[in-house]
Amino acid sequence: MNKVIMMGRLTRDPEVRYSSGENSMAIAKFSIAVDRRNRRQQTDDQPTADFFNCTAFGKQGEFVEKYLKKGTKILLTGRVQNDNYTNKNGEKVYSVQIIVEELEFAESKAASAQGGSTYAQQGQGDDGIPFSGTESQEGFMNIPNAIKEELPF
């Protein structure tokens, strides 16, 4: 089985072209930055995200062209495909790309328009988990004392 699920932000505006021929098809190429899950174990010199080249065909490619731009947070499913080649010097270059099968937005348009980063608007705990003014450092929402008596649990 070859299946990947990724959530990340576009690192640049997508490049879209159309295939030639009678039934032309959109081919959209873009890259996404996917945050690493466990930031606590990383030191300052290690990256906190991985970058993946993605390609979407047909209707998915048209969707990418119409709605996605640099910084847009998306959720995609697809498959990994080898993209190996030999360069001008005769050296073998190994790489992979993600072939997109499904694609959707991972945040609202309003959240995207505010700069796209929840860390910048809300704050961040010691473990890298975001929290806003109504949440405690542990990521739980603070409940006013007067409401506690009304809770069903």
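Up top is the structure.
The following refers to the structure shown. Every chain's residues receive numbers from 1 upward, in the order its sequence appears when written. Predicted model: local features are reported for residues with pLDDT of at least 70 only, side-chain atom pairs are reported and counted for 80 or more only, and whole-chain, interface and lining totals are derived from all residues. The side-chain figures draw on all heavy atoms in the structure; neither hydrogens nor water molecules are used.

This brings us to the overall build of the protein chain. Counting secondary structure elements, the protein chain contains four helices and eight strands. Secondary structure counts use DSSP, requiring at least four H or I residues in a row for a helix and at least two E residues in a row for a strand, with both numbered from the N terminus. When the helices and strands of the protein chain are placed in sequence order, the string is β-β-β-β-α-β-β-β-β-α-α-α. Burial here depends on accessible area, computed with a 1.4 Å probe over protein chains only, as a share of the maximum for the residue type. Under 20% is buried, over 50% is exposed, and the range in between is partly exposed. Here the protein chain holds 153 residues, and 25% of them are scored as buried. Long-range contacts, defined as pairs at least 24 residues apart, comprise 54% of the intrachain contacts of the protein chain with a sequence gap of at least 6. Computed by Shrake-Rupley with a 1.4 Å probe, the accessible areas treat only the displayed protein chains as cover when residues are assessed. Looking at the protein chain as shown, the accessible area adds up to about 11,200 Å², and 49% of this sits on carbon and sulfur atoms. Only heavy atoms enter the contact rule, under which two residues are in contact if any of them lie within 4.5 Å.

This part takes up the nonpolar core. Grouped burial of nonpolar side chains is what soluble globular proteins tend to show. The term nonpolar core refers to a set of buried residues drawn from Ala, Val, Leu, Ile, Met, Phe, Trp, Tyr and Cys, joined through side-chain atoms within 4.5 Å. Judged by nonpolar contacts, the single largest core of 16 residues is most densely connected at F30, I32, I74 and L76. Put simply, the parts of the chain that give this core at least two residues each are β1 (4–10), β3 (26–35), β4 (49–57), β5 (73–82) and β8 (96–105). Here this core gets four residues from one element, more than from any other, and that element is β3. With near-sequence residues (within four places) excluded, F30 lies in contact with L10, R12, P14, F52, N53, C54, A56, V64, I74, L76 and V100.

Along an α-helix, residues three or four apart share an orientation, since each turn contains 3.6 residues. For helix α1 (residues 58–67), the set of buried residues is G58, G61 and V64. Along α1, the residues classed as buried sweep out an arc of 115° about the axis, all on the same side. Those residues of α1 that are exposed and aimed more than 90 degrees away from the buried face are K59 and K66. On its buried face, α1 sits against β3, β4 and β8. Taking the helix axis as origin, the arc is that swept by the directions to the C-beta atoms.

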